[in-house]
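# Inside the fold
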2 protein chains.
Amino acid sequence: MATLGDIGLAAAINIISAFIFFLAFAFLRLQPFNDRVYFPKWYLKGLRSSPTHSGAFVRKFVNLDFRSYIRFLNWMPAALKMPEPELIDHAGLDSAVYLRIYLLGLKIFVPIAIFAWAILVPVNWTNKVSDIDKLANVTASDIDKLSVSNVPSGSHRFWTHIVMAYAFTFWTCYVLLKEYETIASMRLQFLASESRRPDQFSVLVRNVPPDPDESVSESVEHFFLVNHPDHYLTNQVVYDANKLAKLVKKKKKMHNWLVYYRNKFSRDDSKKPMTKTGFLGLLGERVDAIEYYTSEIDKLSKEIAEERDRVASDPKSVMPASFVSFKTRWGAAVCAQTQQCRNPTLWLTEWAPEPRDVYWKNLAIPYVSLTVRRLMMGVAFFFLTFFFMIPITFVQSLASIEGIEKWAPFLRPLIEVKFIKSFIQGFLPGIALKLFLIFLPAILMIMSKFEGFTSISSLERRAASRYYLFNFVNVFLGSIISGTALEQLNTFLNESANKIPETIGVAIPMRATFFITYIMVDGWAGIAAEILMLKPLIIYHLKNFFLVKTEKDREEAMDPGSLGFNTGEPRIQFYFLLGLVYATVTPVLLPFIIVFFALAYVVFRHQIINVYNQEYESGAAFWPDVHGRVIIALIISQVLLMGLMGTKDTAQSTPVIIALPVLTIWFYKFCKGRYESAFVKYPLQEAMMKDTLERAREPHLNLKGYLQNAYTHPVFKESEEDEEADQEIGGDSWETESARVPTKRQSRRNTPLASRISGASSPPSLPDVVVEQA
Amino acid sequence: MATLGDIGLAAAINIISAFIFFLAFAFLRLQPFNDRVYFPKWYLKGLRSSPTHSGAFVRKFVNLDFRSYIRFLNWMPAALKMPEPELIDHAGLDSAVYLRIYLLGLKIFVPIAIFAWAILVPVNWTNKVSDIDKLANVTASDIDKLSVSNVPSGSHRFWTHIVMAYAFTFWTCYVLLKEYETIASMRLQFLASESRRPDQFSVLVRNVPPDPDESVSESVEHFFLVNHPDHYLTNQVVYDANKLAKLVKKKKKMHNWLVYYRNKFSRDDSKKPMTKTGFLGLLGERVDAIEYYTSEIDKLSKEIAEERDRVASDPKSVMPASFVSFKTRWGAAVCAQTQQCRNPTLWLTEWAPEPRDVYWKNLAIPYVSLTVRRLMMGVAFFFLTFFFMIPITFVQSLASIEGIEKWAPFLRPLIEVKFIKSFIQGFLPGIALKLFLIFLPAILMIMSKFEGFTSISSLERRAASRYYLFNFVNVFLGSIISGTALEQLNTFLNESANKIPETIGVAIPMRATFFITYIMVDGWAGIAAEILMLKPLIIYHLKNFFLVKTEKDREEAMDPGSLGFNTGEPRIQFYFLLGLVYATVTPVLLPFIIVFFALAYVVFRHQIINVYNQEYESGAAFWPDVHGRVIIALIISQVLLMGLMGTKDTAQSTPVIIALPVLTIWFYKFCKGRYESAFVKYPLQEAMMKDTLERAREPHLNLKGYLQNAYTHPVFKESEEDEEADQEIGGDSWETESARVPTKRQSRRNTPLASRISGASSPPSLPDVVVEQA
């Protein structure tokens, strides 16, 4: 168990490293040659162009204005300045609501922390612990004096903790309720204020039954003409373009190599660049690189053209799914919410995702296959969760002082140095955990994809909820149980249902210091590192050096990244869990969490404004998940408090605490009924209102033309090689619509079309299938 | 533990009592004066009239044809003769599908029993139990030799049981799947083949927001004219007629007394009948009874008229709910399945229940109140379930041999008589349970009503699922745990999660004899008693003697009863649970269950054909519940088998068995996705088809007139005092429609109108508010 001194050292280390990250960021972002790494969003929006165009040569790359370095933290107020409505215009509702999760954390925990410090800490601190307790509680440290461990068993002071648990629960629920209400109305307002979007009129129809006499398109058309005669407008079938997408991707890679060798050649034209044709350019025949790649690209171009023709003409490459568009929003809302056919596994309708949001590969999975996939992934996730635990526990036991002394006795003299000992205790367990978790999101995303969700947003939501579960079992429970004693794991499996919360509850106050260091490493230094964008920075400069020839290439080389709901949200939720669990038990932890939420809020607000390029816009469809997980954390905290109280000879308090989870579950159900449908359904009243308004404003709108190509597989758009095609992408994609909103920032406001002329194309909507022709 | 001899005796007693019931039934049903008790359904349908019209006087009351007594079981083949489609016409889909639950039991358990007897019984029987085991298992009886208890710990023979568990699971799932499919298609076909019904065009709208300027009716009309402009037809507001219904009920009671005294007077006109005006006619002033009741009835009639006017004119008595009718089935299907308003707790739409099925009192409960009521009832049900257990356990311990000897030692000589001892062991525990359960359904129905369901069918479904849970916890678990040892209850609460199935699993084979006697008492003799209709028989004759003057009064005096889904279905489900749990453990139990299913099938088929008058028709909407509960029983059986195996030193089998519940849950989800929506939604394709057909057949249909008064509160209809109103009820209620279908039975087929002329009115749809004027 670490002492206050250890924690102070860990805090100092983490604050210093956070400070270094901020300094480095402040330095790097002011260099013009990094401009595209730290402000890609403005480039993508066409509101900023390379500073390299003007000024002295050196100035193009290095900022020599020393005054700008002095105010190295001035990005923080700048990030906070943009008002929320403008933020929604600028970055979309998803991003704005994502930021509100951090705000939610502040709203919940700042009052809780104040109360906890004002009431619970004095109550804990002022106890005279009996000698027997001191003997039993050998691990008591300074922090334990502020926590519930300091209250002797059977004390009436525990009623304070129970009352506070009630107060915290009611406060959390109140904030959650208000927030749900706000966000539901934000979403509805966003959907209402938004200009026309193809997904408002479209419904994704899956599992179209095969018809021997008709093509999929005809069959869909007939079905909907019969069953929605007044509303059906048109439909677009979905092609199986996976092979085409693969070819396009391959061609892009070849193209990159070609550019690389050309650049090399142009720099040093004495030597023709050569390459080998085999594995990774290491084996096989040596050939002239430029010639080789040019011919390969030609070959691929031909193949792509053939494949495109084949896909377009072969009826087998048409998937039994279709995007059906309606004349009115009302018609689409009706079709999306109703069952079409006697057999509920055929003619499945759901709201069409935004075109950017569609996950094309999964559109054609039949019902039986879907359910089998769900079962398989459920079982796989179970094994992943419960067998992942073994290596984590092992590594953590190694990374403790005792572990190292046991396994590597020769290191003992080194470890005994006070500084290194503190470092090991403060840092290693957190880092060991972190390393294990790096590859997990990718695995979970693959699992979600296999499960067959049809939109990227739903894929990410699914991966996020799995990640949360995983975190809970492995990081939270895993740390608590292996932390107190590895042996507990065994007894744990054989314990009775009412003993399990007790076992965990008892261990919780003892693990407070571990989680404090975890928060500092992951939540302080980790967030500060986020803003440095180290990986994109390096990749950008590598690309810039080897590949970039034109302004457009430079555009391509940017990797703004995106919010990454599937990893980011469960990470925040983990802090909610820690905060709620420790609020009544060890309130010392709360300030650390508040610092995390505040810091993360500022950092991510800056990133969202300046860096991230959102891949899709789901209109904050993730909020019910966020809400639900905070509730889960609340219930866990209540059950564990009950367990802890059970060990403190205050069994008579159990019925008082048990009412809390019951009420919390009821609150969850209440909110679900009250607000959730705003995120799932589209009320007919709204649809009718918008239809009526539109009919009055634009009576001669050619809706069919507007919707005709809205849901074309991106690979078809991307692989069209002329500039015209490029224009078209911008023309009917959502991007132009949102850019039309006047942005109040910078001088170049409201000039999206000018930017296109200056060479910036519209942003790639699905980065992995983007292709550019030389 | 009872021996085979005890069971033989109990079986003999139960078989004999069942036989006596059947004999009594055979005798009673052949007496003409009981005709209306045993064949009320035919009277209600107007297909049978009183045999009293013709023949000699004695013949009117007593059947003197001795030949008819000889074939006293010939109602059985008669009950089986009617083919299913005719049964659906005759008694509705609900009843026909209800019978299929018994058939399902036979389909599942007959093959399982054959396999279990062919394979498991020999495997169990041929073990040489070691002496140590014999000593430990002191309670071993003859039946235990056939059960899994006879296999020694660690034996490889247990693999047989595991393989059989797989086989039984797959068979059960297969039968369930086929049955779900059949019933889903039966339901859709029923809905499709049915003639026009008001609920096909209507949607129940609840939580209409109050509008200061408009009445509810206007507000509803405007809302739907705006949001469903092409489809809206008309709406009927719901009046708060609870007070009116109470008055009507009171008047009916008064009227009964009046008739009673008039009859008394007409028999003996020497003495004017007198009554007292106070409590129950026992206290207060003595007055002339006929005069008193006549004046009271006049007073009530006036009050009713006033109240009816008040309800119709006072805007406060209009509830914020309405039945909205549409021009097409398509329009109604769309409105029922979509969300109307931004706020999902306002303008709630759902399919209108059949007019007979509406539970009028609950139509006006706002959303927040509903969720609070659910919470309260959830908590109340928890306490009801877990605190009900204490008295049951107590009474059961009293009702055992040891208990009686301990509490009433003076009875010991009596108890020691072999016959009485067997009787106590065979009968008392079952009867003690049964007595406790008599009042439960009523409590559960009141709880469901408080929860705010809007249709009688959903009330009953809710009560049924609660009843099932209750049965499981108290009857099943309660009997098993208190049966082996009352002390186990305490240790049970403190046992680990993996020990609980073991504790129950071990006790299960020991309780086989208890459940066998339970099946015989409840399932054999109980079912046989059902057919005797003792309570309706007595009440009918009492009413007949005191109240009946006209043929119409006699009609009134009949109490055909109905199926009672809320009590009947959980009772059947209990047998599924027993059968599945004991299939692998003690296959001896299976034949008893098969006899129950077969007997109950015949008895209830007879009752449905001849007696029960269905209160509503939900189109087998209960099937998903039935299916789900069989699955629950299956999962319970698998978990308990796992627990049992855990105690038999065969821990390596656990992972093999654990796959079973996972697969079963997956199967449940699969079925839910595949079939459930047929019971919840109404596919647009179907709606459109029927609309198109109807438009072609009856282009000039006056739908508005047809729907105008379909959803009038029954009390308004019933309290209209002239015959015309009576005619109208028949005219637009569902009854006539179903009677139009030609019935192939009896000579009087197809003459529903003739029967009306002969004095039989249409059946009371809600018996408690029916009123008749002299």
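Given the structure is predicted, the values throughout are model-derived calculations rather than measurements.

## Focus: the overall build of chain A
- Within chain A, the secondary structure is distributed over 38 helices and 6 strands.
- Split into buried and exposed, the 774 residues of chain A put 54% on the buried side.
- Counting only contacts in chain A whose residues sit at least 6 apart along the sequence, the fraction spanning at least 24 positions is 83%.
- Looking at chain A as shown, the accessible area adds up to about 33,900 Å², and 64% of this sits on carbon and sulfur atoms.

## Looking at helix H31 (residues 654–680) of chain B
- Taking 1.5 Å per residue, 27 residues should reach 39 Å; H31(B) reaches 38 Å between its end C-alpha atoms and fits that length.
- The sharpest bend along H31(B) reaches about 45° and sits at B:Gly673.

## What to know about a positive patch on the surface
Residues and elements named next belong to chain A.
- On the surface, Lys246, Lys249, Lys250, Lys253, Lys361 and Lys449 cluster together to form a positively charged patch.
- Examining the composition of the positive patch, we find that 4 residues originate from one element, helix H14 (residues 242–267), more than from any other.
- Along the chain, lysine 253 falls in helix H14.
- Looking at lysine 253, the relative accessible area reads 57%, which means it is exposed.

## Notes on the pattern of salt bridges
Residue and element names in this part refer to chain A.
- Inspection of every chain in the model, using the stated rule, returns 26 salt bridges over all chains.
- Of the charged contacts, one joins glutamate 179 and arginine 100 as a salt bridge, the two residues approaching to 2.7 Å between their closest N and O atoms. Here glutamate 179, found in helix H11 (residues 158–193), pairs with arginine 100, found in helix H8 (residues 93–125); they are 79 residues apart in sequence, far enough to count as distant.
- Residues joined in a network through salt bridges with shared partners are Glu84, Arg100, Lys107 and Glu179.

## Quick look at the nonpolar core
- Membership of the largest hydrophobic core comes to 308 residues, with the highest contact counts inside it found for A:Phe476 and B:Phe476.
- Of all the elements, helix H7 (residues 84–125) of chain B adds the most residues to this core, at 18 residues.
- Aside from chain neighbours lying at most four places away, what touches B:Phe476 is B:Asn471, B:Ile508, B:Phe515, B:Phe574, B:Leu577, B:Leu578, B:Val581 and B:Leu640.
- Listed in part, the 20 residues of the second largest apolar core include B:Ala241, B:Leu247, B:Leu258 and B:Ile290.

## A look at the relation of the copies chain B and chain A
- Least-squares fitting of chain B to chain A yields an RMSD of 0.2 Å, with the transformation described by 0.0 Å of translation along the axis and a rotation of 180°. Accordingly, the operation relating the two chain copies is best matched by a two-fold axis.
- The overlap is high: 100% of the interface residues of chain B also sit at the interface in chain A, so the same surface is used on both sides.

## Points about the interface of chain B and chain A
- At the junction of the two partners, chain B supplies 48 residues and chain A supplies 48 residues.
- Of all residues in chain B, B:Gln339, B:Arg342 and B:Trp666 bury the most surface against chain A, accounting for 16% of the area lost on that side.
- Between chain B and chain A we count 0 salt bridges in total.
- Put simply, chain B and chain A have 8 residue pairs in polar contact (both at pLDDT 80 or more) between them.

## Quick look at the packing of aromatic side chains
- One pass over the full model with this rule turns up 64 aromatic pairs over all chains.
- Taken together, a centroid distance of 5.7 Å and an interplanar angle of 20° make the contact between A:Trp524 and A:Phe592 stacked. Taken together, the residues span a long stretch of sequence, with A:Trp524 in helix H26 (residues 512–532) and A:Phe592 in helix H30 (residues 589–610) at a distance of 68 residues. As far as burial versus exposure is concerned, A:Trp524 and A:Phe592 are alike and both buried.
- Between B:Arg466 and the ring centre of B:Phe381, over which it is positioned, the NZ or CZ distance is 5.1 Å.

## Observations regarding the environment of B:Gln573
Residue and element names in this part refer to chain B.
- Here glutamine 573 shows up in helix H28 (residues 565–585).
- A C-alpha to C-alpha distance of 9.8 Å links glutamine 573 and tyrosine 102, two positions 471 residues apart in sequence.
- Apart from the residues lying within four places of it in its own chain, the contact partners of glutamine 573 are Tyr468, Val626, Arg629 and Val630.

## Observations concerning the pairing of strand S5 (residues 318–326) of chain B
Residues and elements named next belong to chain B.
- Within S5, 8 of the 9 residues are buried, which leaves it mostly tucked inside the rest of the structure.
- Of the strand pairs in this sheet, strand S1 (residues 202–206) and S5 are connected by 4 bridges, and their pairing is antiparallel. Looking across to S5, one finds that valine 205 is bridged to serine 322.
- Summarising the sheet, strand S2 (residues 232–239) and S5 pair through 7 bridges and their orientation is antiparallel. Bridging from a neighbouring strand, glutamine 236 pairs with phenylalanine 323 of S5.

## Quick look at the confidence of the model for chain A
Residues and elements named next belong to chain A.
- Summarising the model, chain A shows a mean pLDDT of 75, and 77% of its residues fall at 70 or more.
- By mean pLDDT, the top-scoring element of chain A is helix H31 (residues 623–646) (90), and the lowest-scoring one is helix H38 (residues 752–757) (35).
- Below pLDDT 50 for its whole length, residues 721–774 participates in 85 contacts with residues either more than four positions away or in separate chains.
- Among the scores for the predicted complex, ipTM is 0.73 and pTM is 0.77.

## Quick look at H8(A)
- The end-to-end C-alpha distance of H8(A) is 45 Å, a good match for the 48 Å that 33 residues give at a rise of 1.5 Å each.
- The largest bend in H8(A) is about 40°, located at A:Ala116.

## Notes on a nonpolar patch on the surface
- On the surface, a cluster of nonpolar side chains totalling about 550 Å² of accessible area is made up of A:Val379, A:Phe382, A:Phe383, A:Phe386, A:Phe387 and B:Val662.
- Sorting elements by how many residues they give to the nonpolar patch places helix H17 (residues 367–387) of chain A first, with 5 residues.
- Relative to the helices and strands, A:Phe383 is located in helix H17.

## Here we look at the sheet that holds strand S1 (residues 202–206) of chain A
Residue and element names in this part refer to chain A.
- Judged by pairing direction, the sheet is antiparallel, and its 4 strands sit side by side in the order S2-S5-S1-S6 without closing on themselves. Strands with a single pairing partner mark the edges of an open sheet, and in this sheet they are strand S2 (232–239) and strand S6 (348–351). The mean inter-strand angle of the sheet, taken between neighbouring strand axes irrespective of direction, is 30°.
- Taken strand by strand, helix H16 (residues 329–337) contacts S1, strand S5 (318–326) and S6, and its axis lies near 130° from that of S6.

## Considering the sheet that holds S5(B)
Residues and elements named next belong to chain B.
- On the basis of which strands lie adjacent, the open sheet formed by 4 strands has the order S2-S5-S1-S6 and antiparallel pairing. With one partner strand each, in any of the chains shown, S2 and strand S6 (348–351) form the two edges of the open sheet. Adjacent strand axes in the sheet meet at a mean angle of 30° when their direction is disregarded.

## A few points about the pairing of S1(A)
- Within S1(A), 5 of the 5 residues are buried, which leaves it mostly tucked inside the rest of the structure.
- Side chains A:Ser202, A:Leu204 and A:Arg206 of S1(A) all project onto a buried face; the interleaved residues A:Val203 and A:Val205 project onto the opposite face, where all are buried too.

## Notes on the side chain of A:Ser448
All names here are of chain A.
- Tracing the sequence through the fold places serine 448 in helix H22 (residues 440–451).
- Judged by its relative accessible area of 0%, serine 448 is buried.
- Residue contacts for serine 448: discarding those within four places in its chain leaves Phe453, Leu459, Arg462 and Ala463.

## With respect to a negative patch on the surface
- Taken together, the side chains of A:Asp211, A:Asp213, A:Glu218 and A:Glu221 define an acidic patch exposed on the protein surface.
- As for its position among the elements, A:Glu221 is in helix H13 (residues 216–227).

## Examining unusual backbone geometry
All names here are of chain A.
- Despite not being glycine, alanine 620 shows a phi value in the positive range, around 60°.
- Within the secondary structure, alanine 620 sits in the loop between H30 and H31.
- With relative accessibility at 0%, the residue alanine 620 sits in the buried group.

## Some words on the packing of helix H10 (residues 158–193) of chain B against H31(B)
Residues and elements named next belong to chain B.
- Between H10 and H31, whose axes approach to 10 Å, the crossing angle comes to 5°. Taken together, the axis directions place H10 and H31 in an arrangement best described as roughly parallel.
- Its residues placed into classes, the contact of H10 with H31 shows 21 nonpolar, 2 polar and 3 charged.

Parameters and conventions
- Residues numbered from 1 in each chain as written.
- Chains lettered and ligands numbered in written order.
- Predicted model: local features only at pLDDT ≥ 70, side-chain atom pairs only at ≥ 80, totals over all residues.
- Heavy atoms only, no water.
- Helix = DSSP H or I, 4+ residues; strand = E, 2+ residues; numbered from the N terminus.
- Buried < 20%, exposed > 50% of the residue type's maximum accessible area, 1.4 Å probe, protein only.
- Contact = heavy atoms within 4.5 Å.
- Areas by Shrake-Rupley, 256 points an atom, 1.4 Å probe, with all protein chains shown as cover.
- Expected span 1.5 Å × (residues − 1).
- Bend = angle between axes of the 7 residues up to and from the residue.
- Patch = residues over 30% accessible without salt bridge, like charges linked within 9 Å, V, L, I, M, F, W, Y side chains within 5 Å.
- Salt bridge = Lys/Arg side-chain N within 4 Å of Asp/Glu carboxyl O.
- Lys, Arg positive; Asp, Glu negative; His and termini not counted.
- Charge placed at Lys NZ, Arg CZ, Asp CG, Glu CD.
- Core = buried A, V, L, I, M, F, W, Y, C linked by side-chain atoms within 4.5 Å.
- Least-squares fit on C-alpha atoms with pLDDT ≥ 70 in both.
- Buried area = accessible area lost by both parts, 1.4 Å probe.
- Polar contact = N/O pair within 3.5 Å; in protein donor to acceptor, adjacent residues only side chain to side chain.
- Phe/Tyr/Trp six-rings, centres within 6.5 Å; stacked < 30°, edge-to-face > 60°.
- Lys NZ or Arg CZ within 6 Å of the ring centre and 35° of its normal.
- Pairing = 2+ DSSP bridges.
- pLDDT = per-residue confidence, 0-100.
- Axes fitted to C-alpha atoms, helices over the stretch in contact; angles between N-to-C directions.
- Parallel < 35°, antiparallel > 145°, perpendicular 65-115°, else oblique.
- Nonpolar A, V, L, I, M, F, W, Y, C, P; charged D, E, K, R; others polar.

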